[in-house]
Amino acid sequence: MKIPAPKQMRDFYPEDMALRNHIEAAWRNASKRAGFQEWDCPIVETLELYKRKSGDEIVDQLYSVSTRGGNDQFAIRPEMTPSLARMVAARQGALPRPVKWFCIARMCRHEQAQRGRLREFFQWNADVLGVAGPIADAEVISVAIDALVELGLSAADVEVRFNSRTLLGALLTGLGLPEERHPAVFAIADKRGKATDEELAKLYAGLGLDDQTTARIRRLLDLSSLDEVKRFVAHEKVPGCEAALAGLDELVSLLADLGKGDFCRFDMGIVRGLAYYTGPVFEMFDRAGKLRAVCGGGRYDRLLELMGGQPMPACGFGMGDVVLGELLKDRNLLPSFRLGLDYQLIPLDDERLSDVIRLTGRIRAAGRSADFAHKAGGLGKAFKKASENGVGKVVLVGGDEWSRGCLKIKDMTTGVESEVPLDRFTP
Ligand code: HAM
């Protein structure tokens with residue numbers, strides 16, 4: 001019996017690997033263009049790290065790992081933010097500020113099957129630590145968009161929707177809900193669009209809220225422009241919203257300055273599921289609305305303290321490869337999976353194989369890429385394969401040319417064939 005890969009996890013055959021590398025290259029390029037430095041951490045962390053502040057949902061999805069004695073409890077990382085906070089807290093005094101770090105990491109969450117969600121995936125994170133104002137929020141949103149633009153997507157394909165937990169918190173306080181009840185409301189609000197109306201109603205009822213308060217919360221979450229919110233705040237005279245609103249206005253203007261205005265809009269319904277967010281939050285979606293979020297992030301100004309560090313403002317995002325891959329497929333933006341070798345060498349008779357191997361060695365030593373056929377014959381097939389693989393030049397070794405001390409070389413781009421003396425061949 002053949003043993004399959006674990007459920008909802010992927011094998012990466014070469015064509016899958018080519019897509020993953022294509023996505024990762026865009027992530028890495030965008031990070032580097034914006035001055036982010038790369039970091040990484042172990043694939044497992046102590047269970048305690050996630051229990052401290054990721055929130056119940058992610059803790060329920062953990063793959064836990066026990067060691068032989070069973071004394072230490074570990075979990076496969078489901079996200080990178082707690083590890084980032086742990087690492088920055090450990091060297092907080094010594095790190096030059098702002099800390100601008102990115103990572104591309106493999107992680108696991110035991111999620112239910114749905115399009116764009118798997119149990120093992122890759123996530124790109126870019127975070128800025130040590131900056132309290134919206135410049136850092138604008139910068140991380142901008143770098144996320146830059147990678148998508150490099151992959152061929154535009155503002156017609158994707159949109160970033162942002163909100164502020166501070167603003168929503170002030171509005172909930174205005175409805176008479178004390179601050180300690182906000183996290184539970186945030187967790188339910190984050191399920192909007194993912195759960196049915198009845199399921200949401202049940203969740204709100206579970207909080208012990210009366211129907212009128214629930215209806216008012218739901219009306220709040222429908223506000224979809226900053227002007228609407230401002231009108232609501234003025235009409236209802238809700239106190240404590242000014243700073244959050246001013247921060248969002250500044251964020252809008254910074255995003256426009258960074259050339260990303262067309263990609264972004266306010267949406268009160270964006271709340272985020274993770275427990276540690278404290279200020280502006282955002283998610284990126286395909287405009288066609290067919291897929292789950294491509295990316296999600298926000299400000300988490302208190303996480304460093306929770307990890308035993310000094311207070312330090314921070315914000316960032318995570319972008320997954322699964323939804324992004326689906327989106328590129330939908331838009332016909334998949335890369336071509338060609339090898340792109342500089343040279344393909346073919347012996348014209350089997351005695352020339354050792355010459356072919358020696359020549360291949362010379363080409364590789366000169367820093368160019370080369371592969372060779374292990375057997376003579378089947379020229380038609382060999383040329384077809386070379387063309388499919390995007391080979392630059394085919395080198396034929398043998399025949400009359402060889403007896404004259406020459407190679408026959410075909411440039412696959414121009415179709416031009418030439419005879420080159422072996423001692424003058426420079427790859
Ligand atoms: P998150 O919203 O849990 O945030 O995940 C961010 C992105 O990772 C999602 O938008 C999605 O693209 C991808 N993702 C999450 N779960 C799965 C899954 N099961 N299968 C495939 N893709 C998935 C975080 O993880 C935060 N730590 C992000 C962050 C960084 N916030 C601040 N800095």
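Before reading further, recall that the structure is shown in the block above.
Within each chain, residues carry numbers counting from 1 in the order of the written sequence. Residue-level local features of this predicted model are given only where pLDDT is at least 70; pairs of side-chain atoms are given and counted only at 80 or more, and the full residue set underlies all totals for whole chains, interfaces and linings. Only heavy atoms go into the side-chain values, all of them from the structure, while hydrogens and water stay out.

*Asks:* Requested: an account of the packing of helix α1 (residues 14–33) against helix α5 (residues 134–150), with residues and values cited.
*Replies:* Every axis in this analysis is a line fitted to C-alpha atoms, fitted for helices over the stretch in contact. Angles between the N-to-C directions lie between 0 and 180 degrees. Secondary structure elements follow DSSP: runs of H or I of four or more residues count as helices, runs of E of two or more count as strands, with numbering from the N terminus. Close contact between α1 and α5 brings their axes to 8 Å; oriented N to C, the two are set at 135°. Taken together, the axes of α1 and α5 lie oblique to each other. Every pair of crossing elements has a handedness; the one defined by α1 and α5 is right-handed. Counting all contacts with α1, which are made through A25, A26, W27, N29, A30, S31 and R33, the residues of α5 involved are V143, D146, A147 and E150. Following the grouping adopted for this structure description, the nonpolar residues are Ala, Val, Leu, Ile, Met, Phe, Trp, Tyr, Cys and Pro, the charged ones are Asp, Glu, Lys and Arg, and the polar ones are all others, Gly among them. Of the residues contributing to the contact of α1 with α5, the split by class is six nonpolar, two polar and three charged. Here roughly perpendicular refers to angles of 65 to 115 degrees, roughly parallel to angles under 35, roughly antiparallel to angles over 145, and oblique to all remaining angles. A clockwise turn of the near helix away from the far one marks a right-handed crossing, whereas an anticlockwise turn of less than a right angle marks a left-handed crossing. By definition in these notes, contact holds between two residues if any of their heavy atoms fall within 4.5 Å.

*Asks:* Can you explain the sheet that holds strand β1 (residues 37–38)? Please cite residues and give values.
*Replies:* Hydrogen bonds along the backbone pair up the strands of a sheet, which may run parallel or antiparallel. Paired strands, as defined in this entry, are two strands with at least two bridges between them according to DSSP. Here eight strands make up an open sheet; going across it, the order is β1-β5-β6-β11-β10-β9-β7-β8 and the pairing mixed. At either margin of the open sheet sits one strand with a lone partner, and together these are β1 and β8 (264–266). As paired strands, strand β10 (residues 295–299) and strand β11 (residues 314–320) are joined by five bridges and run antiparallel to one another. Within the sheet, the bridge partner assigned to R299 lies in β11 and is C315. Against the sheet, α5 touches β5 (99–108), β6 (120–129), β7 (158–164), β8, β9 (280–286), β10 and β11, its axis set at about 20° to β11.

*Asks:* I'd love a proper account of the pattern of salt bridges, names of residues and values included.
*Replies:* A carboxyl oxygen of Asp or Glu within 4 Å of a side-chain nitrogen of Lys or Arg is what we treat as a salt bridge. In total, this model carries 32 salt bridges according to the counting rule given. When the shortest N-O distance is used, the salt bridge between D40 and R77 registers 3.1 Å. Highlighted residues: D40 in the loop between β1 and β2 (44–46) and R77 in the loop between β4 (73–76) and α4 (81–90), separated in sequence by 37 residues. Each residue is placed in one exposure class: buried if its accessible area under a 1.4 Å probe, protein chains only, is under 20% of its type's maximum, exposed if it is over 50%, and partly exposed if it falls in between. On the basis of relative accessibility, which here comes to 4%, the residue R77 falls in the buried class.

*Asks:* I'd love a proper account of the packing of aromatic side chains, names of residues and values included.
*Replies:* To describe a pair of aromatic rings, you give the distance between the ring centres and the angle between the ring planes. Only Phe, Tyr and Trp rings take part, Trp by its six-membered ring, and two of them pair if their centres are within 6.5 Å. Stacked means planes under 30 degrees apart, edge-to-face means over 60, and tilted covers everything else. Under the definition given, this model contains eight aromatic pairs. With centroids separated by 6.2 Å and ring planes inclined at 75°, the aromatic side chains of F162 and F266 adopt a geometry described as edge-to-face. Of this pair, F162 sits in strand β7 while F266 is found in strand β8, placing the two residues 104 residues apart along the sequence. Looking at F162, the relative accessible area reads 3%, which means it is buried. F266 gets classed as buried once you look at its relative accessible area, which sits at 4%. On the basis of an interplanar angle of 80° and a centroid distance of 5.8 Å, the ring pair of Y343 and F425 is categorised as edge-to-face. Within this pair, whereas Y343 is found in strand β12 (residues 343–347), its partner F425 is found in the segment after β16 (417–421), the two being separated by 82 residues in sequence. Across this residue pair, the class does not change: Y343 and F425 are buried.

*Asks:* So what about unusual backbone geometry? Which residues, and what values?
*Replies:* Cis geometry is found at the peptide bond from R97 to P98, where omega equals -5°. Mapped onto the secondary structure, P98 falls in the loop between α4 and β5. One non-glycine residue, R272, lies in the positive phi region at around 80°. In this structure, R272 sits in the loop between β8 and β9.

By themselves, these figures tell us nothing about what the structure is for.
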